[in-house]
Number of protein chains: 2
Amino acid sequence: MTVQETASLLQSLDQVLILTHKRPDGDTIGCAAALCLGLRQLGKTAWVLPNEDAHGLFDPYFQGVLAPADFQPQVAVSVDVASQGMLPESAAPWKDNILLCIDHHGSNEGYAQHTLVDPAAAACGEMITKVLTQLGVTITAPIALLLYMAIATDTGCFVYSNTTPETHRIAANLMETGFDAQWVNKRHFRVKSLKRMQIESRLVRDMDLEQDGSLVFAYVTLDMIRELQATEEDLEDISSFIGLLEGVDNAVTVRQLKPEECKISLRTDGKSLNASLVCARFGGGGHPAAAGCTIHGTPAQAKAAMLDAIEQVQHG
Amino acid sequence: MTVQETASLLQSLDQVLILTHKRPDGDTIGCAAALCLGLRQLGKTAWVLPNEDAHGLFDPYFQGVLAPADFQPQVAVSVDVASQGMLPESAAPWKDNILLCIDHHGSNEGYAQHTLVDPAAAACGEMITKVLTQLGVTITAPIALLLYMAIATDTGCFVYSNTTPETHRIAANLMETGFDAQWVNKRHFRVKSLKRMQIESRLVRDMDLEQDGSLVFAYVTLDMIRELQATEEDLEDISSFIGLLEGVDNAVTVRQLKPEECKISLRTDGKSLNASLVCARFGGGGHPAAAGCTIHGTPAQAKAAMLDAIEQVQHG
């Protein structure tokens, strides 16, 4: 579908329930709330389905848009949801009955009756901005804040390689509405929880450098998690942290799940070492630059096994 | 001066020496190199004066633009330099004879014969982009990379509150030229030196939380610096690190300079505590949200004295 066709379809709907994805991020949440406010501006009834996995960090964006228990939707629309499997539990009744999906994942499975997909968009927020504009919705400051948050969180605040000139252009237009971008930026990019800081501090204290510092191993152990009372929230995306180290091409994060079982995440530069080839040796897989697997053994044993596998892939 | 007048003046010049500021950052370096390439595109001879303080991180941007020892300039132009005092040693011969200054600091002292100043610009890079465009220079990919680097580094990659819609719009136009923005972003925003990581790790390990976690004290001790062989480069802007901690309104970084002398940096939210009032009690000063002073004593003594002063300012 085109943006224009998507806008026409939305124009014809009412009593809309908007669905976000499992373990929702800023993009899916910002898109859902912005679409909800936009449809309401056109006089329609719209609500966002509560998502049981949502992180407290996103609470402010849900204000006034969460569907009450007695809402009787006519249709369901999903945003930033690539597959049925990515729908949260709460969306189960709608799983096979989604009228429209708006998404920027190239891997979108086409599970909805109608799909608008644009893999060139850095964030689904870019697409919702275009759809709302096409619908004739005035992008007010509250709507712009939601769309900006969606785009900023999905691009690491315009740092990641998915950022395009169009991303900046849309951000510029959104900021013109005068919402408090600084509040969003501070909330998502200038704050770390105490536990997260402590985890990162220990990763650095305990890490091992190999291959002249170009390969690093970091460890998240059961002892550490117990001692710091760290939650999954505190550990989110922890495997990207150690790769920030200067001079490191390849970074392994060893997460101990049981005393003798470790989940491995390997991030590489995608050139000197193919991460998925290494992880395939342990029954895992992924992409050339990011892959994962499970190794049975203690963190020290997992490290030894990974180092061995990496060297074999490098030399042969 | 206006952008148009500045462009006319530049159009009339040749044999141009371009000056950067002391302890040069990405903005002054990117502006100088971009202006140099732009003037050369117009058939002029232009060079950037080597800056003895420049960090190795910026080496790539100086390639091909550093003035040879035998260059005989007719005029000097400074970029992003707010005052004569901010010129590096190497610029001393030109100190009182600068024809044009292009700068975005509201505090610019007007030391040059002609000054173009725009305090609303997030980075001087925004201004140079406009001046070059006015001059009819084609913004090629190499020029755009330099201008993007200038803008991105001065805004923390579009995170800081100086970022405006215009900043994003200029970034979009620059990125359209197709330079490798990812290379710039990775170099400046996705890398930390080993020593920097180790310093941050220890700050977290050794910090003290007071006032229910809303006030934090972090310590950079002589022992730590010696042990890690940390340099000034490794410690740059370290006083902003601990303020990232969630829930912290006020952050004190205690830097031990001698066994019994500490430099204090206090960052606050600017509302609940006036940083300059606290530091004034020790003969220091600054702004409501960021101030500094020196306290004679060990780090532990400095902490006790600061805690006392903060409580007095809070309650009196």
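**Student:** Tell me about the interface of chain A and chain B, and name the residues and values.
**Tutor:** If you look at the interface, chain A gives 36 residues, while chain B gives 36 residues. Together, the buried faces of chain A and chain B total about 3400 Å²; carbon and sulfur atoms form 65% of this surface. Among the residues chain A hides against chain B, the three largest losses belong to Arg190(A), Met197(A) and Leu244(A). Together they make up 19% of the total. Our count for the contact surface shared by chain A and chain B stands at two salt bridges.

**Student:** Talk me through the sheet that holds strand S5 (residues 114-117) of chain B; I want residue IDs and the actual numbers.
**Tutor:** Residue and element names in this part refer to chain B. Ordered in space as S2-S1-S3-S4-S5, the five strands form an open sheet in which the pairing is parallel. Two strands close off the open sheet at either side, each with one partner strand: strand S2 (46-48) and S5. Sheet twist, expressed as the mean angle between neighbouring strand axes with direction ignored, is 20 degrees. Packed onto the sheet, helix H1 (residues 3-11) meets strand S3 (75-79), strand S4 (100-103) and S5 and runs at close to 140 degrees relative to S4. Along the sheet, helix H4 (residues 124-134) makes contact with S3, S4 and S5, crossing S4 at roughly 120 degrees.

**Student:** An account of the sheet that holds strand S8 (residues 250-258) of chain B is needed here, citing residue identities and associated values.
**Tutor:** Residues and elements named next belong to chain B. Spatially, S6-S7-S8-S9-S11-S10 is the arrangement adopted by the six strands of the open sheet, whose pairing is mixed. Strands with a single pairing partner mark the edges of an open sheet, and in this sheet they are strand S6 (208-210) and strand S10 (285-286). Relative to strand S7 (residues 215-220), S6 is paired through three bridges, and the arrangement is antiparallel. Bridging across to S7, Asp208 finds its partner in Phe217.

**Student:** So, the side chain of Arg202(B): which residues are in play, and what are the values?
**Tutor:** All names here are of chain B. Relative to the helices and strands, Arg202 is located in helix H8 (residues 194-206). Taking relative accessible area as the criterion, Arg202 reaches 17% and is therefore assigned buried. A polar contact is formed between the side chain of Arg202 and the side chain of Glu227, at a distance of 3.1 Å. Residues in contact with Arg202, not counting those within four places in the same chain, are Met224, Glu227 and Leu228.

**Student:** Run through the relation of the copies chain A and chain B, naming residues and quoting values.
**Tutor:** When chain A is fitted to chain B, the best match, at an RMSD of 0.3 Å, comes from turning it 180 degrees and sliding it 0.0 Å along the axis. Taken together, the rotation and translation relating the two chain copies correspond to the operation of a two-fold axis. It is Ser201(A) whose C-alpha, among those of chain A, lies nearest the rotation axis, at 2.1 Å. A share of 100% of the interface residues of chain A reappears at the interface of chain B, consistent with the copies meeting face to face through the same patch.

**Student:** Residue-level account of the side chain of His168(A), with values.
**Tutor:** Looking at the secondary structure, you find His168(A) in helix H6 (residues 165-175). In contact with His168(A), not counting residues within four places along its chain, are Phe158(A), Thr163(A), Phe158(B), His168(B), Ala171(B), Ala172(B) and Met175(B).

**Student:** Talk me through the pattern of salt bridges; I want residue IDs and the actual numbers.
**Tutor:** Note that side chains of opposite charge can pair when their charged atoms are close. Under the defined criterion, the tally for this structure stands at 26 salt bridges over all chains. Put simply, Lys258(A) and Glu261(A) hold a salt bridge, and the shortest N to O gap is 3.4 Å. When salt bridges that share partners are traced, they join Lys130(A), Glu166(A), Arg169(A) and Glu176(B) into one network.

**Student:** An account of helix H1 (residues 3-11) of chain A is needed here, citing residue identities and associated values.
**Tutor:** The set of residues buried in H1(A) consists of Thr6(A), Ala7(A), Leu9(A) and Leu10(A). Angular distribution of buried residues about the axis of H1(A) spans 160 degrees; they occupy a single face of the element.

**Student:** Can you lay out the packing of aromatic side chains for me, pointing to particular residues and giving the numbers?
**Tutor:** Overall, the coordinates contain 11 aromatic pairs over all chains when judged by the stated rule. Aromatic side chains Tyr61(A) and Trp183(A) sit 6.0 Å apart centroid to centroid with 75 degrees between the ring planes, which places their arrangement in the edge-to-face category. Linking Tyr61(A) in helix H3 (residues 59-62) with Trp183(A) in helix H7 (residues 181-189), this pair joins segments that are 122 residues apart in sequence. With relative accessibility at 4%, the residue Tyr61(A) sits in the buried group. Taking 6.1 Å as the distance between ring centres and 75 degrees as the angle between the ring planes, the aromatic pair formed by Phe158(A) and Phe158(B) counts as edge-to-face.

**Student:** Give me the lowdown on the environment of Asp237(A), citing residues and values where you can.
**Tutor:** Mapped onto the elements of the fold, Asp237(A) is located in the loop between helix H10 (232-235) and strand S8 (250-258). When the C-alpha atoms of Asp237(A) and Asn108(A) are compared, they prove to be 22 Å apart, with 129 residues separating the residues in sequence.

**Student:** Tell me what's going on with the state of the cysteines, and back it up with residues and numbers.
**Tutor:** Counting across every chain of the model gives zero disulfides over all chains. You can see Cys262(A) has no disulfide; the closest cysteine sulfur is in Cys293(A), sitting 10 Å from it. Cysteine Cys36(B) remains unbridged, with the sulfur of Cys31(B) as its closest cysteine sulfur at 13 Å. Owing to a relative accessible area of 0%, Cys36(B) belongs among the buried residues under this scheme.

**Student:** Pulling in residues and values, what's your account of the environment of Ile98(A)?
**Tutor:** Along the chain, the position of Ile98(A) falls in the loop between strand S3 (75-79) and strand S4 (100-103). With 80 residues separating them in the primary sequence, Ile98(A) and Ile18(A) have C-alpha atoms 9.7 Å apart.

**Student:** Describe the confidence of the model for chain A, listing the residues and the values that go with them.
**Tutor:** Averaged over all residues, the pLDDT of chain A equals 95, while 100% of them reach at least 70. At the level of chain-chain contacts, confidence expressed as ipTM amounts to 0.86, with global pTM at 0.87.

What counts, and where the lines are drawn
Residues numbered from 1 in each chain as written. Chains lettered and ligands numbered in written order. Predicted model: local features only at pLDDT ≥ 70, side-chain atom pairs only at ≥ 80, totals over all residues. Heavy atoms only, no water. Contact = heavy atoms within 4.5 Å. Buried area = accessible area lost by both parts, 1.4 Å probe. Salt bridge = Lys/Arg side-chain N within 4 Å of Asp/Glu carboxyl O. Pairing = 2+ DSSP bridges. Helix = DSSP H or I, 4+ residues; strand = E, 2+ residues; numbered from the N terminus. Axes fitted to C-alpha atoms, helices over the stretch in contact; angles between N-to-C directions. Buried < 20%, exposed > 50% of the residue type's maximum accessible area, 1.4 Å probe, protein only. Polar contact = N/O pair within 3.5 Å; in protein donor to acceptor, adjacent residues only side chain to side chain. Least-squares fit on C-alpha atoms with pLDDT ≥ 70 in both. Arc of directions from axis to C-beta. Phe/Tyr/Trp six-rings, centres within 6.5 Å; stacked < 30°, edge-to-face > 60°. Disulfide = S-S within 2.5 Å. pLDDT = per-residue confidence, 0-100.

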